[in-house]
Amino acid sequence: MAKCVTVAIAGLGSRGKEAYAKCAHLFPDRMKIVAVADIVPEKVENAAKEYHIPPEMCFESAEKMLERERLADVLFVCTLDRQHYPHAIPALKKGYHLLLEKPISPDLSECREIAETAQKYDRKVVVCHVLRYTPFYQKVKEIIDSGILGRVMHIEAVENVGYWHQAHSFVRGNWRNDRESPMILQKSCHDMDLLLWLSGKHCARVSSFGSLGWFKPENAPEGSAERCLDCGAREKCPYDAQKIYMTGKHGALSGYTGWPLDVLAQNPTPEKIKKALEEGPYGRCVYRCDNNVVDHQVVNLCYEDGATASFTMCAFNSGMSRTISVLGAMGELHGDMATETISYGPFGEERKTVDLRLESEDLTGHGGGDTRLIADLLDLLSGGKGSSLTEIGQSVESHFVALAAERSRLNGGEAIDMQAFSQAVK
């Protein structure tokens, strides 16, 4: 029988608490949560109750947890982006394997040091590039690798962030300011990773354009206010916090309690959400926040063999979705993750269509990627052999590409040579 892997979790936000911790219920014989840490006491109390964790294994911060000797086989590092490095390095030295939420770090030298430390101490570090594990992108990869499209000449990828998700996470929320991470890294290192993994190629040069075009004071409508609940223009404003968090489809008044409501309040109720909108950051006018990350961006990649890729990230769409086109010398592929459909085939022949909703039982949580990532991690650690699809050595390049793209954007679209950029990082 496979070993049951013990888990400590640092950071009980929506990823640590909902995406990964919940897998202990799905895999009860393979995964046991034995310690948790978070700066919000109520989050720790809720996790302790749900997973039967004794008080001595509950901590008020990741730092307090890391003062102790190793408590589990693996530490899930689900803290904020700039906390990953100071939590990962001591954890590796204490003997933990790591599940590391993306991005690894907004600092490339820290990314490199985490990878080197893992190698030095013979630890596994699996990065949460969960989209590699989805049936959708697994199928795209399978079709490309079959050779039916011929040599890949160009890939077009689009990430539709969604107007309300942009407002929630990147205007009002934790990732609104590049002091934490630039958006192309925080939101879209998934996509940079996919462009590298699917093509099987390394990036030689990258360029990028984009800006914060809309969520600025000069675009506030007449009659608007600092907070949505006081606003005279909210009736026609799609970004109105009351619509998003109270009266909408997934608002508190519908009885819904999941993400994003659980970011505003623990065990959300209409009363708690109303108070959060009155007092907290999520009730602010989107035109009057301290945000500076982009709301639209394009990135162009030139691979080492001359093939190209283009990526578009945009906030201004109604749904959160990704699409992809792979254009080969002998055929093409078009996929839409929102509908879980892929059509492909050689030129001059009728295209085949795959509907992954008919083939896969569970497509929740990043299209099924969250639970499949954890299952693979448990396989890796229970047997101690093999490798993950997203071990840190395979994931660092996406961060280099993302941050090179950000440098290009800030320099008017200047083409960045990836070899020189990589070598410049100490």
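Everything below is about the structure shown above.
Along each chain, residues carry numbers from 1 onward, in the same order as the chain's sequence is written. Totals for whole chains, interfaces and linings use every residue, but because this is a predicted model, local features are given only for residues with pLDDT of at least 70 and side-chain atom pairs only at 80 or more, for both listing and counting. Hydrogens are left out, water is left out, and the side-chain values use all remaining heavy atoms of the structure.

**Student:** Help me understand the overall build of the protein in this model?
**Tutor:** Working definition: helices are DSSP H or I runs of at least four residues, strands are E runs of at least two. Numbering for both runs from the N terminus. When you go through the protein residue by residue, the secondary structure sums to 17 helices and 15 strands. To get the radius of gyration, use the C-alpha atoms; to get the globule rule, take the number of residues to the power 0.38 and multiply by 2.2 Å. The C-alpha radius of gyration of the protein comes to 22 Å, within 12% of the 22 Å expected for a compact globule of 426 residues. Reported as C-alpha extents along the three principal axes, the dimensions of the protein are approximately 60 × 60 × 50 Å. Residues counted as buried form 55% of the 426 residues belonging to the protein. Sequence-distant contacts, at least 24 apart, represent 71% of the contacts inside the protein between residues at least 6 apart. Accessibility throughout is a Shrake-Rupley quantity obtained with a 1.4 Å probe, and a residue counts as covered only by protein chains that appear here. Here the protein has roughly 18400 Å² of accessible surface; of this, 50% comes from carbon and sulfur atoms. Only four residue types enter the tally: Lys and Arg on the positive side, Asp and Glu on the negative side, with His and both chain ends excluded. To locate a charge, take NZ of a lysine, CZ of an arginine, CG of an aspartate or CD of a glutamate. When the 49 basic and 58 acidic side-chain charges of the protein are each reduced to a single mean position, those positions are 2 Å apart. Only protein chains enter the accessibility calculation, which uses a 1.4 Å probe; a residue is then buried when its area is under 20% of its type maximum, exposed when over 50%, and partly exposed in between. The criterion used for residue contact is that any of the two residues' heavy atoms lie within 4.5 Å.

**Student:** So what exactly am I meant to see when it comes to the sheet that holds strand β9 (residues 296-303) here?
**Tutor:** Whenever strands of a sheet pair, they do so through backbone hydrogen bonds, lying parallel or antiparallel. DSSP-based pairing: two strands are paired if at least 2 bridges between them are found. With mixed pairing, 9 strands are arranged side by side in an open sheet as β14-β13-β12-β11-β7-β10-β9-β8-β15. Of all the strands in the sheet, just β14 (352-355) and β15 (416-417) have a single pairing partner and so form its edges. Of the pairings in the sheet, the one linking strand β11 (residues 321-328) to strand β12 (residues 331-336) comprises 5 bridges and is antiparallel in character. Bridge pairing in β12 links Ile324 to Gly335. Contacts from helix α16 (residues 392-410) reach β8 (203-211), β9 and β15 within the one sheet, and its direction differs from that of β8 by about 50 degrees. Axes here mean lines fitted to C-alpha atoms, for a helix over just the part in contact, with angles spanning 0 to 180 degrees between N-to-C directions.

**Student:** I'm lost on the sheet that holds strand β5 (residues 97-100) in this one. Help?
**Tutor:** Ordered by their spatial adjacency, 6 strands build an open sheet running β3-β2-β1-β4-β5-β6, and the pairing between neighbours is parallel. One side of each edge strand has no neighbouring strand; the edge strands of this open sheet are β3 (58-59) and β6 (125-127). Pairing between strand β4 (residues 74-77) and β5: 4 bridges, direction parallel. Following the sheet pairing, Val77 is matched in β5 by Leu100. Along the sheet face, helix α5 (residues 84-94) touches β4, β5 and β6 and points at about 160 degrees away from the line of β5.

**Student:** Explain helix α7 (residues 135-146) here, please?
**Tutor:** One full turn of an α-helix is made of 3.6 residues, so residues set three or four places apart face in the same direction. What a helix should span is 1.5 Å times the count of its residues minus one. In a regular helix each residue adds 1.5 Å, so 12 residues correspond to 16 Å; α7 covers 16 Å between its end C-alpha atoms and thus fits that length. Taken residue by residue, α7 has Pro135, Phe136, Tyr137, Lys139, Val140, Lys141, Ile143 and Ile144 as its buried positions. Count one or two residues on from α7 and you reach Gly147, which has phi positive near 90 degrees.

**Student:** Just to check I follow, could you spell out the pairing of strand β2 (residues 31-37) for this structure?
**Tutor:** Taken across its 7 residues, β2 has 6 buried, putting it largely inside the fold. Two elements, strand β1 (residues 5-10) and β2, share 6 bridges in a ladder whose sense is parallel. Across the sheet, Thr6 pairs through a bridge with Lys32, a residue of β2. Strand direction decides the pairing type here: β2 and β3, joined by 2 bridges, are parallel. If you follow Val36 over to β3, its bridge partner there is Cys58. Crossover handedness is defined here as right-handed if the route from the first strand over the helix to the second strand goes clockwise, with the strands pointing away from the viewer. Remark: the β2/helix α3 (residues 41-51)/β3 crossover connection has right-handed handedness.

**Student:** Looking at this structure, how should I read the nonpolar core?
**Tutor:** As a rule of thumb, nonpolar side chains are buried together in soluble globular proteins. We call a set of buried residues a nonpolar core when its members are Ala, Val, Leu, Ile, Met, Phe, Trp, Tyr or Cys and they connect through side-chain atoms within 4.5 Å of each other. Formed by 114 residues in total, the largest nonpolar core has its most connected members in Tyr20, Ile33, Leu75, Phe76 and Val206. A per-element tally of this core places α16 first, with 8 residues. Excluding anything up to four places from it in sequence, Leu75 contacts Ala8, Ile9, Ala10, Met65, Leu66, Ala91, Tyr96, His97, Leu98 and Leu99. Counting residues in each nonpolar core, the second largest holds 13 residues, with Ile244, Tyr245, Ala252 and Leu264 among its members.

**Student:** I'm lost on empty space enclosed by the protein in this one. Help?
**Tutor:** Think of a 1 Å grid over the protein atoms and nothing else: a 1.4 Å probe that fits but is trapped marks a cavity, an open set flanked by protein within 12 Å on at least five of seven lines marks a pocket, and residues with an atom within 4 Å of a point count as lining. Grid points are joined across faces, edges and corners, and a volume is the space filled by probe spheres set on the points. Summed over all chains, the structure comprises 3 cavities of 30 Å³ or more. In this structure, the largest cavity is lined by 14 residues; those nearest its centre are Cys228, Cys231, Cys237, Asp240 and Cys285. Under the convention adopted here, Pro, Cys and the residues Ala, Val, Leu, Ile, Met, Phe, Trp and Tyr are nonpolar, Asp, Glu, Lys and Arg are charged, and Gly plus all remaining residues are polar. A per-class count over the lining of the largest cavity returns 10 nonpolar, 1 polar and 3 charged. Reported here for the second largest cavity is a volume of approximately 50 Å³. What lines the second largest cavity is simply Tyr137, Ala157, Val158, Asp191, Leu194, Leu195, Leu198, Arg322, Thr323 and Ile324. Put simply, the parts of the chain that give the lining of the second largest cavity at least two residues each are β7 (152-160), α10 (189-199) and β11. In terms of residue count, the dominant contributor to the lining of the second largest cavity is α10 (4 residues). Looking at side-chain class alone, the lining of the second largest cavity contains 7 nonpolar, 1 polar and 2 charged residues.

**Student:** Sorry, what's going on with the packing of α5 against helix α6 (residues 108-120) here?
**Tutor:** Angle between the axes and distance between the axes are the two parameters that describe a pair of packed helices. α6 packs onto α5 with a crossing angle of 10 degrees between their chain directions and a minimal axis gap of 10 Å. Here α5 is positioned roughly parallel relative to α6, judged by the angle of their axes. Side by side, α5 and α6 meet where Tyr85, Ala88, Ile89, Leu92 and Lys93 of the first sit next to Glu110, Glu113, Ile114, Thr117 and Ala118 of the second. Grouping the constituent residues of the contact of α5 with α6 by class yields 6 nonpolar, 1 polar and 3 charged. An angle below 35 degrees is read as roughly parallel, one above 145 as roughly antiparallel, one from 65 to 115 as roughly perpendicular, and any other as oblique.

**Student:** Would you take a moment to explain the pattern of salt bridges for this structure?
**Tutor:** Oppositely charged side chains can form a pair if their charged atoms are brought close together. What makes a salt bridge here is a side-chain nitrogen of Lys or Arg within 4 Å of a carboxyl oxygen of Asp or Glu, nothing more. On inspection of all chains with the given rule, the structure shows 27 salt bridges. In this structure, Glu159 engages Lys187 in a salt bridge whose closest nitrogen and oxygen atoms are separated by 2.4 Å. Of this pair, Glu159 sits in strand β7 while Lys187 sits in the loop between α9 (183-186) and α10, placing them 28 residues apart in sequence. Ionic pairing is found between Glu159 and Arg322, a salt bridge with its closest N-O pair at 3.0 Å. Here Glu159 is found in strand β7, whereas its partner Arg322 is found in strand β11, with 163 residues between them in sequence. We classify Glu159 as buried; its relative accessible area is 1%. Overall, Arg322 belongs to the buried group, its relative accessible area being 8%. Via salt bridges that share partners, Glu159, Lys187, Asp191 and Arg322 belong to a single interconnected network.

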